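Letter by letter, the chains look like this.
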Amino acid sequence: MRNRLRLVALGVAWTVLAFPVLAAPDHPVITEVYTDPPGLNDGPLGRDLTNVHQEYIEIYLPTLADLDPGLAKDSLDLTLYEVEGDTSSPELGLVNYRIDLPTFDLDPSNGLTGLPRPPNGSVVLGWVDYVGNPPTGLVGTPATRVALIDGGVTSTPDFTFIAINGNEFSGTTNFPTPSAISVISAGERSAGLFENGSSAFLLVDRDDPGYVQLWDAADPCCVPPVTNADSNLPAGSVLGTSSLLDAFASNDDPDFDVLKQPYSPPTGNNIDLETELPAGGAFSNRVPQLKEVDQGYALLLADIGKTTDDALPGNDNPVADALGAYRTTATLGPFVPTPGFAPLSTDAAQLSLADDSLQVFQVLAGTTGGPGMLGANIGGSFGMRVVAVPRTPANPSLVSVAAGPALYSSMAQEAVFPVVAARVEAGEINGASTTVVVDVSATRLFSDPPVVDPLQTVTATIQVLNPTSGLDAGLNPFQAPAFVAVQGLAPPLSGTNEFVQSTLGGFVATHLGGVVRDDRGNAATLLNPLTDLGDPVLIDTLEQGMPDSQAFYINPSSGVDNLVSTVVSSAERVLHTTYDTGTFNASFTAVRAIELGIPDVRTSGGVFTPIEPVHFADAAGGVGNPASGLSNAVSERGFELALVDSNVLALGGLETGESDDFGIVVEIGLVRAGASVVPGEFVFLNLSGGLQGADVDTLDVPPHGNRTTIIYIDLDPLDTTLGALTVSRLFLVDAGGSGSLNLIEAFVLNADGAPAPAVAWPVWLIGAVLMGTTGILRLRAPRP
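Values in this document were obtained by computation on a predicted structure and should not be read as measured data.

**Q** Explain the pattern of salt bridges to me, and be specific about the residues and the numbers.
**A** Per the counting criterion, the structure on display carries 19 salt bridges. Residue glutamate 636 pairs with arginine 423 through a salt bridge whose shortest N-O separation is 2.4 Å. A residue pair is termed long-range when its members are at least 10 positions apart, and glutamate 636 in the loop between β36 (634–635) and β37 (641–646) and arginine 423 in strand β25 (residues 420–424) qualify at 213 residues. By relative accessible area, glutamate 636 is classed as buried at 13%. The exposure class assigned to arginine 423 is buried, which follows from its relative accessible area of 5%. When the shortest N-O distance is used, the salt bridge between glutamate 667 and arginine 729 registers 2.5 Å. You can see glutamate 667 sitting in strand β38 (residues 662–668) and its partner arginine 729 sitting in strand β42 (residues 726–734), a full 62 residues away along the chain. This pair shows no difference in class: glutamate 667 is buried, exactly as arginine 729 is. Here the salt bridges share partners, and the residues they tie into one network are Lys73, Asp74 and Asp107.

**Q** An account of the side chain of asparagine 251 is needed here, citing residue identities and associated values.
**A** Tracing the sequence through the fold places asparagine 251 in strand β13 (residues 244–251). Asparagine 251 gets classed as buried once you look at its relative accessible area, which sits at 0%. One polar contact links asparagine 251 to glutamine 289, side chain to side chain, over a distance of 2.8 Å. Each residue touching asparagine 251, except ones within four places of it in the same chain, is listed here: Ser198, Phe256, Ile271, Asp272, Leu273, Gln289, Leu290, Lys291 and Glu292.

**Q** Which residues make up helix α3 (residues 503–511), and what values go with them?
**A** The element α3 is extensively covered by neighbouring structure, given that seven of its nine residues are classed as buried. Listed as buried for α3 are Thr503, Leu504, Gly505, Gly506, Phe507, Val508 and His511. Here the buried face of α3 lies against β37, β41 (708–714) and β43 (742–748). Positive backbone phi, at 95°, marks glycine 513, one or two positions downstream of α3.

**Q** So what's going on with the sheet that holds strand β27 (residues 455–465)? Which residues, and what values?
**A** Overall, mixed pairing links the five strands, which are arranged β18-β27-β26-β21-β23 in an open sheet. Lying at the two open borders of the sheet, with one neighbouring strand each, are β18 (360–364) and β23 (407–409). For this sheet the average axis-to-axis angle between neighbouring strands, irrespective of direction, equals 35°. One ladder, built from three bridges, connects strand β21 (residues 384–390) with β23; its direction is antiparallel. Within the sheet, the bridge partner assigned to methionine 384 lies in β23 and is serine 409.

**Q** Give a detailed account of the pairing of strand β26 (residues 433–444), specifying residues and quantitative values.
**A** Across seven bridges, the pairing between β21 and β26 is antiparallel. Paired with methionine 384 across the bridge in β26 is arginine 444. Looking at chain direction, β26 and β27 are connected through nine bridges and run antiparallel. When the bridges of β27 are listed, valine 440 appears paired with glutamine 456.

**Q** If you had to explain the environment of valine 515 to someone new, which residues and values would you point to?
**A** Positionally, valine 515 belongs in the loop between α3 and β31 (517–518). The buried category is assigned to valine 515, whose relative accessible area is 3%. Sequence separation between valine 515 and asparagine 750 is 235 residues, and the spatial gap between their C-alpha atoms is 5.1 Å.

So, how was this worked out
Residues numbered from 1 in each chain as written. Predicted model: local features only at pLDDT ≥ 70, side-chain atom pairs only at ≥ 80, totals over all residues. Heavy atoms only, no water. Salt bridge = Lys/Arg side-chain N within 4 Å of Asp/Glu carboxyl O. Helix = DSSP H or I, 4+ residues; strand = E, 2+ residues; numbered from the N terminus. Buried < 20%, exposed > 50% of the residue type's maximum accessible area, 1.4 Å probe, protein only. Polar contact = N/O pair within 3.5 Å; in protein donor to acceptor, adjacent residues only side chain to side chain. Contact = heavy atoms within 4.5 Å. Pairing = 2+ DSSP bridges. Axes fitted to C-alpha atoms, helices over the stretch in contact; angles between N-to-C directions.

Take a look at the structure:
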């Protein structure tokens, strides 16, 4: 990589990337690779005509003023290699293809010796269309070939399109063609050239002394045998690292971990690319590996340098580059394939909204959800204020809507989710839906440049979520759902105890010993205003985690059921093997779980509802997706159970909740006549109508950086669907084998036999006013 840069100050702080900011790149870089468009055929032969972004690679050329003096300004000769990295491939480590770009002349003032730099600096390598199957030629005439991007173009005034197959058959004259390309096989004409899989993309300077001309492993010029297809990336003894301008790799191995690259083989798992980019290898730190995605990758900004672009020796860091320098693309947005567009940090902010087909949101009946329209700032590092204002829904009797709060984006290539407030009555039918047109506007902040495309409209679909059953392993209706919600508690502005200042804290303080019972005896500590919930020493004495040793795994029985058989036979485990590695002991006779001997709790009629917004789990257990109608929800549902979890680590840091995945099993207590369950039966809860045994994924939710998290459980359907009046035990089962759930307390909020409080909370504020919106403000009397 070139190690020269010019630092500039940005008008808006870049807060998440620890990367050098370039005035502009001083060497060519790969700005986008669109690898896998949808359709029956990914290649240019028999292509899906509705796909406007047929596969391509985009390269950004610096201006003459910014070009590294070590590069030839009058004859910039670039070559793109792709090297096989899939360990299952017999061609591992060999070149899949080589494309020699035409010569570029970045200084035409002394006579043009090659192609001029395009106005926006972007060079796009892609296909022109074929005739016949198998192909017998190229569509059109040499002067009218059509590029397979943007729906088909015959000229590109802003960027340069290189027809990678433009030398086949009668060729093309209206697009530049490569100086050479190492064979396009018949299979590549159908499947595409830039295919998914584990491979390394290398952009090199073919005038550099370290450059070597290599060939496609299947090139007829060199078969048999192929003697010059091995790039020898680990040693750098064939293709030299001095020739490398830019690179990255995609990795589709399920065991690949972006945080552990480069690997030091052998890992024992035969992970793709670990032999080609091993720790200490000549190319390993210079080729960041990204997790394989369906459609492609782009640099966040062409002028955000990677660690390999700075002048600090030994600073090359593929993990930092992979996490901070790239984003993924999708056909329908909001980050869409953008051939010929390489944004810089100095570009104005630009609003982008995803296709209407992606703006589909479930809202749980009995809640006011906060679905966030899927959007982004696809421009530079300037701020914008974004507001979503819904019009009248197509069926206003099903969903009532109001505008959401203003959101602020201060970062380039940043997703934004302008929120609307959508309220669904408790009795609405599961699956009912309506559409609503939403006007989204973006305005600049301060004296920033005006936002590009600031006024846009999307049609959102609101679907009612109100299931009465879950799914078994055969995907048939099974038992009853539960509704789990997560609430993050921000550290208080004053004092040290955020729990006591929460709605739940006030309810527990008022009704402890009555309708509220604590399981672990920590209620008094939680209700003490002086308790510091950020003190790791105190938290360590309060919390109960999953057992660390298999000697302490459990298999409680009720005489009717036992926990191991309940987990083993659950739909989630049968279909997804979620509860497998680390969840059971070696003999599958005990399970990693926490047992809570709660007092009997009534499954329905819970009177407690938090005033604060919460984040309901979806059918797969996901929580906190900002584009979900289950997030930022104000609930009218009553909860029967609440778990208080700490994110405080032993040294005082905070965990993200990423490894807190757990499933919930309850033991049935009293039942109604004709119930479909019996006392003592274990019910492995499904979440929001999903698979029996789905696990809650308690990732960090707004307001984020929470020391303490509350997990609520609404059990009403166990009564209305199964006939279960009470549950008497609660089990939390580790779903991932590495669970770090740190339970401080489990509260019963609807204790059996306790009289219901006359007032559950002084005022029930249900609606979008809690999300900073107007138009929906409802006062509801407490339940009897």
